[in-house]
Amino acid sequence: MKTMTARDAKNRFGEFLDTARREPVIVTKNDRPVGIMISIEDAADTLIIEMFMEKEPGYEEWLVSKVGSTLARVNAGSTRMLPHAEAVASLKARIEAKLAHKRQ
């Protein structure tokens, strides 16, 4: 795991980001660890994102229902699983369309 001072992280931010995409980077200040930078890909594999998301009441039940019904359709052969990149592109397009509709 790489270690970088806060000053170096600031002054060499591009290098800092590139390094964090390859491995976690511990950030120090006054020779003491104060933070850690990990890539968004690594964060997605953790519960970090869940800790920062505010969930509305009923969210967990909705999610279980949605995932369960999707898996049932996949198992029945009425729909298929998409490759990750295709699923993300589809989701992005749907979100962008909703945001564009809200702006009108």
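Since this is a predicted model, take the numbers as computed values, not measurements.

S.K.: Just checking my understanding: could you explain the environment of His 84 for this structure?
M.R.: Positionally, His 84 belongs in helix 6 (residues 84-103). Between the alpha carbons of His 84 and Met 1 there is a distance of 28 Å; along the sequence they are 83 residues apart.

S.K.: Please clarify how the sheet that holds strand 3 (residues 32-37) should be interpreted in this entry.
M.R.: Note: strands within a sheet are paired through backbone hydrogen bonds, in either parallel or antiparallel orientation. In space, the three strands of this open sheet follow the order 1-2-3, with mixed pairing throughout. Of all strands in the sheet, those bounded by a partner on one side alone are strand 1 (2-5) and strand 3. Strand-to-strand twist of the sheet, defined as the mean angle between neighbouring strand axes without regard to direction, takes the value 35 degrees. The pairing of strand 2 (residues 25-29) with strand 3 spans five bridges and is classified as antiparallel. Residue pairing in the sheet places Val 27 in a bridge with Gly 35 of strand 3.

S.K.: Looking at this structure, I do not really get the confidence of the model for the protein. What am I missing?
M.R.: In regions of low pLDDT, the predicted coordinates are not meant to be interpreted in detail. In the predicted model, the protein carries a mean pLDDT of 87, and the fraction of residues at 70 or more is 93%. At the level of individual helices and strands, the protein shows its lowest average pLDDT in helix 4 (residues 48-52), which scores 66, and its highest in helix 1 (residues 6-11), which scores 96.

S.K.: I tried to follow the pairing of strand 3 on my own but got confused; where do I start?
M.R.: Looking along a regular strand, one sees side chains alternate from face to face of the sheet. By the criterion of burial, strand 3 is predominantly exposed, with just zero of the six residues buried. The loop that links strand 2 with its antiparallel partner strand 3 comprises two residues; one of these, Asn 30, has a positive phi angle of about 55 degrees.

S.K.: Quick question: what am I supposed to make of helix 5 (residues 59-76) here?
M.R.: The terminal C-alpha atoms of helix 5 lie 26 Å apart, and with 18 residues this matches the ideal 26 Å at 1.5 Å per residue to within 8%. Gly 77, located one to two residues past helix 5, shows a positive phi value of around 85 degrees.

S.K.: I keep staring at the packing of aromatic side chains and nothing clicks. Help me out?
M.R.: The geometry of an aromatic ring pair comes down to the distance between the two centres and the angle between the two planes. Taken as a whole and judged by the stated rule, the model has two aromatic pairs. When the centroid spacing of 5.9 Å and the interplanar angle of 55 degrees are considered together, the rings of Phe 13 and Phe 16 count as tilted. Here Phe 13 and its partner Phe 16 are both found in helix 2 (residues 13-22), three residues apart, which amounts to about one turn of the helix. With relative accessibility at 45%, the residue Phe 13 sits in the partly exposed group. For the ring pair Tyr 59 and Trp 62, a centre distance of 6.2 Å and an interplane angle of 35 degrees mean the geometry is tilted. Of the two residues, Tyr 59 and Trp 62 are both situated in helix 5; the distance of three residues between them amounts to about one turn of the helix.

S.K.: Would you explain the pattern of salt bridges in this entry?
M.R.: Opposite charge on two side chains makes pairing possible when the charged atoms of those side chains draw close. On inspection of all chains with the given rule, the structure shows five salt bridges. Across the pair Arg 12 and Glu 15 runs a salt bridge, and its minimum N-O distance is 2.9 Å. Of the charged contacts, one joins Arg 80 and Glu 86 as a salt bridge, the two residues approaching to 3.3 Å between their closest N and O atoms. Residues joined in a network through salt bridges with shared partners are Asp 8, Arg 12 and Glu 15.

How each quantity is defined
Residues numbered from 1 in each chain as written. Predicted model: local features only at pLDDT ≥ 70, side-chain atom pairs only at ≥ 80, totals over all residues. Heavy atoms only, no water. Helix = DSSP H or I, 4+ residues; strand = E, 2+ residues; numbered from the N terminus. Pairing = 2+ DSSP bridges. Axes fitted to C-alpha atoms, helices over the stretch in contact; angles between N-to-C directions. pLDDT = per-residue confidence, 0-100. Buried < 20%, exposed > 50% of the residue type's maximum accessible area, 1.4 Å probe, protein only. Expected span 1.5 Å × (residues − 1). Phe/Tyr/Trp six-rings, centres within 6.5 Å; stacked < 30°, edge-to-face > 60°. Salt bridge = Lys/Arg side-chain N within 4 Å of Asp/Glu carboxyl O.

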